[in-house]
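# Tertiary structure, described
Below are the chains, spelled out letter by letter.
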Amino acid sequence: MWIGFAEFDYLLGDVHSLKHKRSLVRPVVAELRRRFSVSAAEVGHLDAHRRTLIGVGMVAADRAHVLEVLDNVERFAGGRPEMELLSVRQRLISASDI
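All of these numbers come straight from a predicted model, not from anything done at the bench.

## Focus: the overall build of the chain
Helix and strand counts for the chain stand at two helices and four strands. Sequence-ordered secondary structure for the chain, helices as α and strands as β, is β-α-β-β-α-β. Its C-alpha atoms give the chain a radius of gyration of 14 Å, within 12% of the compact-globule value 13 Å for 98 residues. A principal-axis box enclosing the C-alpha atoms of the chain has dimensions of 45 × 25 × 20 Å. In the chain, buried positions account for 38% of the 98 residues. Taking all contacts inside the chain whose residues are at least 6 apart in sequence as the whole, residues at least 24 apart take part in 72%. If the 14 positive side-chain charges of the chain are averaged to one point and the 13 negative ones to another, these points end up 5 Å apart.

## Considerations on the packing of helix H1 (residues 18–36) against helix H2 (residues 63–78)
As a packed pair, H1 and H2 sit with axes 11 Å apart at the nearest point and diverge in direction by 145°. Of the two possible hands of crossing, H1 and H2 adopt the one that is right-handed. Between H1, through Val28, Glu31, Leu32, Arg35 and Phe36, and H2, the contact on the second element is made entirely by Val69, Asn72, Val73 and Phe76. By residue class, the composition of the contact of H1 with H2 is six nonpolar, one polar and two charged.

What counts and how
Position numbers for residues start from 1 in each chain and track the written sequence from start to end. Whole-chain, interface and lining totals are the exception, using all residues; otherwise, since this is a predicted model, local features are given only for residues with pLDDT of at least 70 and side-chain atom pairs are given and counted only at 80 or more. To get the side-chain values, take all heavy atoms of the structure and skip hydrogens and water. Secondary structure elements are taken from DSSP: a helix is a run of H or I of four residues or more, a strand is a run of E of two residues or more, and numbering for both begins at the N terminus. What the globule rule says is 2.2 Å times the number of residues to the power 0.38, and the radius of gyration is computed from C-alpha atoms. Partly exposed describes any residue whose relative accessible area lies between the buried limit of under 20% and the exposed limit of over 50%, with all areas from a 1.4 Å probe on protein chains only and scaled to the type maximum. Should any heavy atoms of two residues lie within 4.5 Å, those residues are considered in contact. In this tally Asp and Glu are treated as negative and Lys and Arg as positive; neither His nor the chain ends contributes. Taken as the charge centre is NZ of Lys, CZ of Arg, CG of Asp or CD of Glu, depending on the residue. Only C-alpha atoms enter the line fits that serve as axes; for helices the fit covers just the stretch in contact. Angles between N-to-C directions range over 0 to 180 degrees. Handedness of each helix crossing follows the sense of rotation of the near helix against the far helix: counterclockwise by less than a right angle gives left-handed, clockwise gives right-handed. Asp, Glu, Lys and Arg are counted as charged, while Ala, Val, Leu, Ile, Met, Phe, Trp, Tyr, Cys and Pro are counted as nonpolar; the rest, among them Gly, fall into the polar class.

Structural data, given as structure tokens:
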């Protein structure tokens, strides 16, 4: 069993309220879940208007599959014109590492 996860740190554009921020972040999280069949959530910078941290995780039997999905998620995450991707952290562990 392989477990892969990634954190995407974003700077948002012209956002002046948490309500506006959520209107940008929610569709991205929903699209990640739908398109890539991963767990996704906003996991950081919850009270900051112009920043967000989105976490993605998945479990699979094949290491190569986890890497492929996380790479595809990263490409999708970097292609959001309304959100500037500042950094990405990825980690891959096997069940034997736990």
